[in-house]
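Structural description and commentary
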Amino acid sequence: MQNRVISKKDLAGFVDDLIKTKAAGEVIGIQAKDSKFNFGPLKNAAELRLDYDIALLPPKKYFFPQIETVLKYEFGATPKVEPVVNDKAMCLIGVHPFDIRGLLLFDAVYGGANPDANLMMKRQKSVIIGVDCLTPNPKAFAASMGTAVTDEGFDLMLTDIGNDYFVTVGTNKGDSLIKKAKTKEATAADQEKRDKVRKDALKKYQVTLKMKPDEIPALLDANWESKVFNDKAATCFSCGSCVMVCPTCVCFDVQDDPALNLKGGERYRRWDACMLSEFAKVASGENFREHKEQRFRHRMYRKGKYLLERYKYLGCVGCGRCAIACLAQIASPAETFNLIKEAK
Amino acid sequence: MVMQLSAKQSLHLPRIAELIRVEKLSDREKVFEFKFDDGKELGQMPGQFVEISIFGVGEAPISVTSSPTHRGSFELAVRATGSLTNKLHTLEKGAKVGIRGPFGNGFPIQTLKGKDILFVAGGIGLFPLRSLINYVLDNRKDFGEVNTLFGCRSPQERLFIGQLQEWNTCKDMCFLETVDRCSDDSWTGNVGVITTLFPKVSFDPAKTYAIVVGPPIMYRFVIAECLKKGLAEDHIIMSLERRMKCGVGKCGHCQINGLYCCQEGPVFTYAQVKSLKEAV
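Predicted model, so just to flag it, every value in this text is computed and none were measured.

1. With respect to the overall build of chain B
A tally of helices and strands in chain B yields six helices and 15 strands. For chain B, the C-alpha radius of gyration of 19 Å lies close to 19 Å, the compact-globule estimate for 280 residues. Counting only residues that meet the buried cut, chain B has 59% of its 280 residues in that class. Of all intrachain contacts in chain B linking residues separated by at least 6 positions in sequence, the fraction that spans at least 24 positions is 69%. On chain B, roughly 11,300 Å² of surface is accessible, and the fraction owed to carbon and sulfur atoms is 50%.

2. Quick word on the sheet that holds strand E8 (residues 146–152) of chain B
Residue and element names in this part refer to chain B. Here we have seven strands laid out as an open sheet, ordered E10-E9-E8-E7-E11-E12-E15, and mixed in their pairing. Pairing within the sheet leaves two strands with one partner each, and these edge strands are strand E10 (190–191) and strand E15 (267–269). With three bridges joining them, strand E12 (residues 236–239) and E15 adopt antiparallel strand pairing. Paired with isoleucine 237 across the two strands is threonine 269, which belongs to E15.

3. Thoughts on the interface of chain A and chain B
Counting residues at the interface gives 51 residues for chain A and 44 residues for chain B. Together chain A and chain B conceal approximately 4,200 Å² of surface at their shared face, both sides included; 58% is due to carbon and sulfur atoms. Along the contact surface separating chain A from chain B lie four salt bridges. The tally of links between chain A and chain B comes to 26 residue pairs in polar contact (both at pLDDT 80 or more). Considering only residue class, the side of chain A that touches chain B consists of 29 nonpolar, eight polar and 14 charged.

4. Brief notes about the packing of aromatic side chains
The relation between two aromatic rings is expressed through the spacing of the ring centres and the mutual angle of the planes. Counted under the stated rule, the structure contains 18 aromatic pairs over all chains. On the numbers, 5.1 Å between centres and 75° between planes, the contact of tryptophan 224 of chain A with tyrosine 301 of chain A is edge-to-face. With tryptophan 224 of chain A in the loop between helix H7 (216–221) and helix H8 (227–233) and tyrosine 301 of chain A in helix H10 (residues 292–311), the pair connects residues that are 77 residues apart, well separated along the chain. Tyrosine 301 of chain A matches tryptophan 224 of chain A in its accessibility class, with the two residues each being buried. Here the aromatic cluster, defined as three or more aromatic residues joined through ring pairs, consists of Phe64, Phe106, Tyr110, Phe252 and Trp271 of chain A. The residue whose ring lies beneath arginine 269 of chain A is phenylalanine 252 of chain A, and the NZ or CZ to ring-centre distance is 5.0 Å. Sitting over the face of the ring of phenylalanine 36 of chain B, arginine 15 of chain B holds its NZ or CZ atom 3.8 Å from the ring centroid.

5. Description of unusual backbone geometry
A cis amide bond links glycine 101 of chain B to the next residue, proline 102 of chain B, at an omega of 10°. By the secondary structure assignment, proline 102 of chain B is in strand E6 (residues 96–103). A cis geometry characterises the amide bond from glycine 265 of chain B onward to proline 266 of chain B, with omega recorded as 5°. Tracing the sequence through the fold places proline 266 of chain B in the loop between strand E14 (259–260) and E15. For lysine 312 of chain A, which is not a glycine, the phi torsion comes out positive at approximately 70°. Locating lysine 312 of chain A in the fold gives a position in the loop between H10 and helix H11 (321–325).

6. Structural notes on helix H3 (residues 126–138) of chain B
Residues and elements named next belong to chain B. The terminal C-alpha atoms of H3 lie 17 Å apart, and with 13 residues this matches the ideal 18 Å at 1.5 Å per residue to within 8%. For H3, a buried count of 12 out of 13 residues is recorded, marking the element as mostly surrounded by other parts of the structure. Within H3 the residues assigned to the buried category are Leu126, Phe127, Pro128, Leu129, Arg130, Ser131, Leu132, Ile133, Asn134, Tyr135, Val136 and Leu137.

7. Section: the sheet that holds strand E5 (residues 80–83) of chain A
Residues and elements named next belong to chain A. Spatially, four strands are ordered E5-E4-E12-E11 in an open sheet, and the strand pairing comes out antiparallel. For this open sheet the edge positions go to E5 and strand E11 (252–258), each flanked by a neighbour on one side alone. On average, each strand axis in the sheet is inclined to that of its neighbour by 25°, with strand direction left out of account. Pairing of E11 with strand E12 (residues 264–271), which is carried by seven bridges, proceeds in the antiparallel orientation. The partner of phenylalanine 252 across the bridge, within E12, is tryptophan 271. Relative to the sheet, helix H3 (residues 117–125) contacts strand E4 (67–74) and E12, its axis offset from that of E4 by approximately 120°.

8. Regarding the pattern of salt bridges
Applying the stated rule across the entire model yields 47 salt bridges over all chains. One salt bridge connects lysine 125 of chain A with aspartate 87 of chain A, and the closest N-O pair in it is separated by 3.1 Å. Note that lysine 125 of chain A is positioned in helix H3 and aspartate 87 of chain A in the loop between E5 and strand E6 (90–95), a separation of 38 residues in sequence. Owing to a relative accessible area of 41%, lysine 125 of chain A belongs among the partly exposed residues under this scheme. Across the pair glutamate 75 of chain B and arginine 130 of chain B runs a salt bridge whose closest N-O atoms are separated by 2.8 Å. Residue glutamate 75 of chain B is located in strand E5 (residues 74–79), and its partner arginine 130 of chain B is located in helix H3; the two are separated by 55 residues in the primary sequence. In terms of burial, glutamate 75 of chain B and arginine 130 of chain B fall into one category: buried. It is possible to trace a salt-bridge network through shared partners that takes in Arg21, Glu23, Glu33, Glu75 and Arg130 of chain B.

9. Here we look at the environment of glycine 94 of chain A
Structurally, glycine 94 of chain A is set in strand E6. For the pair glycine 94 of chain A and leucine 262 of chain A, spaced 168 residues apart in sequence, the C-alpha to C-alpha distance is 43 Å.

10. Quick word on the side chain of threonine 65 of chain B
Residue and element names in this part refer to chain B. Among the structural elements, threonine 65 can be located in the loop between strand E4 (58–63) and E5. Under the relative-accessibility criterion, threonine 65 is labelled buried at 0%. Separated by 2.7 Å, the side chain of threonine 65 and the backbone oxygen of phenylalanine 127 make a polar contact. When neighbours within four sequence positions are excluded, threonine 65 is seen to be in contact with Val31, Glu75, Leu76, Ala77, Phe127, Arg130, Ser131 and Phe160.

11. Quick notes on the domain arrangement of chain A
All names here are of chain A. As assigned here, chain A comprises domain 1 (4–202) and domain 2 (213–253 + 273–343). Spacing between the C-alpha centres of domain 1 and domain 2 amounts to 26 Å. Taken together, the contact pairs 26 residues of domain 1 with 28 residues of domain 2. Overall, the association of domain 1 and domain 2 removes approximately 2,200 Å² of surface from exposure, summing both partners, and the carbon and sulfur fraction of that is 69%. In terms of surface lost to domain 2, no three residues of domain 1 exceed Leu105, Phe141 and Met145, which account for 28% of the buried area on that side. The interface formed by domain 1 and domain 2 includes one salt bridge. The partner of aspartate 99 in a salt bridge is arginine 321, and the shortest N-O contact between them spans 2.6 Å.

What counts, and where the lines are drawn
- Residues numbered from 1 in each chain as written.
- Chains lettered and ligands numbered in written order.
- Predicted model: local features only at pLDDT ≥ 70, side-chain atom pairs only at ≥ 80, totals over all residues.
- Heavy atoms only, no water.
- Helix = DSSP H or I, 4+ residues; strand = E, 2+ residues; numbered from the N terminus.
- Rg over C-alpha atoms; globule rule 2.2 N^0.38 Å.
- Buried < 20%, exposed > 50% of the residue type's maximum accessible area, 1.4 Å probe, protein only.
- Contact = heavy atoms within 4.5 Å.
- Areas by Shrake-Rupley, 256 points an atom, 1.4 Å probe, with all protein chains shown as cover.
- Pairing = 2+ DSSP bridges.
- Buried area = accessible area lost by both parts, 1.4 Å probe.
- Salt bridge = Lys/Arg side-chain N within 4 Å of Asp/Glu carboxyl O.
- Polar contact = N/O pair within 3.5 Å; in protein donor to acceptor, adjacent residues only side chain to side chain.
- Nonpolar A, V, L, I, M, F, W, Y, C, P; charged D, E, K, R; others polar.
- Phe/Tyr/Trp six-rings, centres within 6.5 Å; stacked < 30°, edge-to-face > 60°.
- Lys NZ or Arg CZ within 6 Å of the ring centre and 35° of its normal.
- Expected span 1.5 Å × (residues − 1).
- Axes fitted to C-alpha atoms, helices over the stretch in contact; angles between N-to-C directions.
- Domains from an automatic or database assignment.

This is the structure in structure tokens:
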């Protein structure tokens, strides 16, 4: 597999071809939504905005939809039950490295022990065309999480090197796709340009984690009783916004929805949030994380320790979406980890 | 990402089972016996749980109360508490439900073999424990001395009364019962919380494993009593309750610190629980 260089005009042609031929499935791309950006089905290459800072919602929604039907059933003496798996092929264009790291965590959670057909069948059929983030959001801290650049999790990775995009080829699938486009072989000079652009982008991150990411678990281990959790949680609305925008939040609820004609119904799963007050409540009324500071602490431990220890990927990729979404301005894991470290 | 998956492998897909018997245990609890339509066994180990579905209502995690030594069907004993369990209580013989599982680690049978056992059940903690008690009685020669303590709040809340009677007269184990309080003379047995039974049993702490299942408040006192008697922390085994929505380590609801109650649990040793700050 040889890395390539593609002119911006030819990239547009490549994207338009993908949309027209559906060679890699439905094309989803990052596009402007008022003054912000979000992923959506692409009608043409002109809609694609690879120069964006952050997508409102991470691309996980295409593999782990907000609401997803998992069973359909008909009532009766013996109910008829069918699993529902929507595994249409998709090609996502413009995924930032930190969001790719989020998808890799999903693969570890949903593809490891007890693999989940609903999520993994979509993942297996999908193509990920990433783009390096050169204009990070002011709340992002991916540079200090080591997630601003990735060397895995993509089929193709684009880097804006001026008039052209550098195309890092990640998989054979990506290789065969890009071969259909008009490209040049990347030279050592092109690769130097890519590396410099990436390095310069790291300096643009405004929020810094004041430790190495692999120091977070030990920091948390030593600070279960930290006052920081209480101080921060004091103004928490328990609204769950931080979780709803998070690329690494993997939890869900399962609910039944009987049809209006009462002949059958569906079972669906939908995003759930450990910051919501009833997340750990059992039917008897016992709530194992009744207080918001317990929930706040749990989220921070998931981000900084639990997921890492279980799945080898940190539960935070430094995208900053939680910090953007949080009305109380308490959600940034970097800020909490820094405060705990400083309080020591 | 090399595994080949198909929709049929959906983690959410239950097997259909028929309700073949319902028995009232108390005002709030019933035991339900099920048999799979495909004739297969559940294949559970004592202490494991299933997710039971009533289509149109939902799913709930319920521990299996029958022993795997009982073949051909399985029993779930259920208190009517939430929307699923209340609906379940209205079902009659012949009704069909969905079953996923068994899930969870179950009690450590291999560790317990050849050892003395002290069972301590509080209230409906008897439901999961009954599976293991009957398993031990059915494989009696594999285990040493067995003591069983059962406590509930009042004589009216005693469960599986026929079974309690059997255990009471059974020569294979020492069985003691108490109720927290009794305001009339319908009850001539022990009165007092379950820890008041401890002075009445003798066991060798070095050879004994205590298996304790009950409400969170009971754990605090019973564990203290076990430790006082000289049991090692990893010889005290408990089963914890959480909201296990998926049963397969994905949904996050049952998480206790970094562990998933549906995967590493619901059975834990006290030595483990002690290091889990959110456990009890």
